[in-house]
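# What the coordinates show
Residue-level listing of the chains:
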Amino acid sequence: MKTGNTYIVRKSIFNFKVGQILTLIKYGYQAYFGEYNFVFADMENKNICVVLRGDDEEDMKIYHNLNEYFEELYDNTNL
């Protein structure tokens, strides 16, 4: 996933619902805490933060399979 790109939710996860359109506005890794941090903006420009912990097996399963949950929208001119 790349910062600035727009994605559609393919599979419900966290508070995201199938079909929801989100833009990834910030992504980072905090080595001290072992956390992957994502900040998405929805269509109303409301920020939604997601943290996946590196020591949590379920979180890492999600992190390594993000393409199951999010599909990049290449033509987002009609949004």
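Quick caveat: nothing in here was measured; it's all calculated off a predicted structure.

## Here we look at the pairing of strand S3 (residues 35-41)
Among the 7 residues that make up S3, 7 are buried, leaving the element largely enclosed by the rest of the structure. Pairing analysis gives 7 bridges linking strand S2 (residues 21-30) to S3, with the strands arranged antiparallel. In the sheet register, Tyr 29 faces S3, and the bridge partner there is Tyr 36. Hairpin connection from S2 to S3: 4 residues lie between these consecutive antiparallel strands, with Gly 34 at a positive phi of about 65°. Sheet analysis places S3 next to strand S4 (residues 47-53), joined by 7 bridges and oriented antiparallel. When the bridges of S4 are listed, Phe 40 appears paired with Ile 48. What sits between the antiparallel neighbours S3 and S4 is a turn of 5 residues, in which Asn 45 has the positive phi angle 65°.

## Some words on the side chain of Thr 6
Mapping Thr 6 onto the fold places it in strand S1 (residues 6-9). For Thr 6, a relative accessible area of 6% puts it in the buried group.

## Quick notes on the nonpolar core
With 18 residues, the main nonpolar core has Phe 16, Leu 22, Phe 38, Phe 40, Leu 52, Tyr 63 and Phe 70 as its most contacted residues. Counting only elements with at least two residues in this core, the list comes to S1, S2, S3, S4 and helix H1 (57-63). When residues no more than four places from it in sequence are discounted, the contact partners of Leu 52 are Phe 14, Gly 34, Glu 35, Tyr 36, Phe 38, Asp 59, Met 60, Ile 62 and Tyr 63.

## Notes on the sheet that holds S1
Across the sheet, 5 strands lie side by side as S4-S3-S2-S1-S5; this open sheet has antiparallel pairing. Each of the sheet's edge strands pairs with one partner strand only, and the pair in question is S4 and strand S5 (70-72). Strand after strand, the sheet turns through a mean of 40° between neighbouring axes, direction not considered.

## Considering the packing of aromatic side chains
On inspection of all chains with the given rule, the structure shows 10 aromatic pairs. Pairing Phe 16 with Phe 70 gives two aromatic rings, centres 6.0 Å apart and planes at 70°, and the pair type is edge-to-face. Of this pair, Phe 16 sits in the loop between S1 and S2 while Phe 70 sits in strand S5, and the two are 54 residues apart along the sequence. When the ring of Tyr 27 is compared with that of Phe 38, the centres are 4.9 Å apart and the planes differ by 45°; the resulting orientation is tilted. Of the two residues, Tyr 27 is situated in strand S2 and Phe 38 in strand S3; the sequence distance between them amounts to 11 residues. Three or more aromatic residues link up through ring pairs in this structure, and these residues are Phe 14, Phe 16, Tyr 27, Tyr 29, Tyr 36, Phe 38, Phe 40, Tyr 63 and Phe 70.

Calculation rules
Residues numbered from 1 in each chain as written. Predicted model: local features only at pLDDT ≥ 70, side-chain atom pairs only at ≥ 80, totals over all residues. Heavy atoms only, no water. Buried < 20%, exposed > 50% of the residue type's maximum accessible area, 1.4 Å probe, protein only. Helix = DSSP H or I, 4+ residues; strand = E, 2+ residues; numbered from the N terminus. Pairing = 2+ DSSP bridges. Core = buried A, V, L, I, M, F, W, Y, C linked by side-chain atoms within 4.5 Å. Contact = heavy atoms within 4.5 Å. Axes fitted to C-alpha atoms, helices over the stretch in contact; angles between N-to-C directions. Phe/Tyr/Trp six-rings, centres within 6.5 Å; stacked < 30°, edge-to-face > 60°.

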